[in-house]
Amino acid sequence: MMDETQKTTLVSDALRALLYEVSVNPKPGLVDPVSSGPHPDMDVFTFIDSAVSLRQYFDRCATHGANFQGDDLHDLFLGIRPDGVVAEHTMFGATEGVNTHKGAIFSLGILVTADAYRVDHSEFSLPDIVKAMLKDLTVNDFKGLDDKSPEALTAGEKQYLKYGIKGIRGEAEAGFPTVMNVALPALRKHQGTKNQRLLDTLMTIVGSTVDTNLVKRAQTDSVVDWAHQQSQHYFVLGGSRTVQGMAFLNELNDVFTERNLSLGGSADLLILTIFIGLREEII
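Keep in mind that what you see is a predicted model, and the values were worked out from it rather than measured.

A. Quick peek at the packing of helix H10 (residues 177-189) against helix H11 (residues 194-206). The geometry of H10 relative to H11 is characterised by a closest axis approach of 9 Å and an angle of 155 degrees between their N-to-C directions. In terms of axis orientation, H10 runs roughly antiparallel to H11. Judged by the sense of rotation from one axis to the other, the crossing of H10 with H11 is right-handed. Residues Val-182, Ala-183, Ala-186, Leu-187 and Arg-188 of H10 pack against Arg-197, Leu-198, Thr-201, Thr-204 and Ile-205 of H11. Looking at the contact of H10 with H11 residue by residue, the classes come out as six nonpolar, two polar and two charged.

Given below as structure tokens:
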């Protein structure tokens, strides 16, 4: 059974993941301590306020995961969903209405819950627990979209109908394969300072995923190929440990700001990667 020290550490690692992500710089299309990029309504302090406000939510997720006794892990997911709704209201209260961590409330809350459950169920891997929790998520969440009016559709629902993109729901339902199979191996491989390793991990994610926030801002899915090309060029230049690579990131941040493009989906995946990295003590 998870003891209080283990629980405190788990919750603290979730909060550290949020704070580490916003501290990494320079991040194209994202908020960091140096630049707000294409997000003039928020800055690093907004993200700090948001992260701190979510401690009770992650504590609730850890409690759900540690105490769950049922046979169907989908019930565990249903148990934390109402807490996620409350957490969103708490976040908006802390940020005066700015959406800083809505995606992370969903995805990081799932990982915290799953990791707490795994304390007494070490025979299961983290991805397997997540997949069991989220079985048929996209089928259920995207059911009946054709009957909704266009005005009632969320951005994620519109992208699913227009491009077939499942977004973070699909990533989570599959056990976060981008995190497990792409981002974590990159984090283990990359060398340098903490900031350099996390920058290179972020750009690995950018080159390997369909960022729904980017598609939303660009209003076309053709932007995904362009983002992948920017990632490839960054690594051709040597990544974060070269002057050329860092100069390119700063130039790319200017491009993202001018075009009002954001990599919010990639940032959420970096948060998850950092969280697992902290749990595995590889950061």
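So, next bit.
B. Focus on the packing of H10 against helix H15 (residues 264-279). Here H10 crosses H15 at 65 degrees, and the two axes come no closer than 10 Å. With respect to H15, the axis of H10 lies roughly perpendicular. Our pair here, H10 against H15, has a crossing hand that is right-handed. Residues Thr-178, Val-179, Met-180, Ala-183, Leu-184 and Leu-187 of H10 form the contact with H15, whose own contacting residues are Leu-269, Leu-272, Thr-273, Ile-276 and Gly-277. When the residues that make up the contact of H10 with H15 are grouped by side-chain class, the tally is eight nonpolar, three polar and no charged.

C. Geometry of the nonpolar core. One finds Phe-58, Leu-108, Ile-110, Val-112, Met-133 and Phe-275 to be the most contacted residues of the largest nonpolar core, which totals 75 residues. When residues in this core are grouped by element, the largest group, 10 residues, is from helix H5 (residues 102-118). In contact with Val-112, not counting residues within four places along its chain, are Leu-10, Ala-14, Phe-58, Cys-61, Ala-62 and Phe-275. In terms of nonpolar packing, the next biggest core, distinct from the first, is built from six residues, Val-22, Val-44, Phe-47 and Val-98 among them.

Calculation rules
Residues numbered from 1 in each chain as written. Predicted model: local features only at pLDDT ≥ 70, side-chain atom pairs only at ≥ 80, totals over all residues. Heavy atoms only, no water. Axes fitted to C-alpha atoms, helices over the stretch in contact; angles between N-to-C directions. Helix = DSSP H or I, 4+ residues; strand = E, 2+ residues; numbered from the N terminus. Parallel < 35°, antiparallel > 145°, perpendicular 65-115°, else oblique. Left-handed = near helix turned anticlockwise from the far one by under 90°. Contact = heavy atoms within 4.5 Å. Nonpolar A, V, L, I, M, F, W, Y, C, P; charged D, E, K, R; others polar. Core = buried A, V, L, I, M, F, W, Y, C linked by side-chain atoms within 4.5 Å. Buried < 20%, exposed > 50% of the residue type's maximum accessible area, 1.4 Å probe, protein only.

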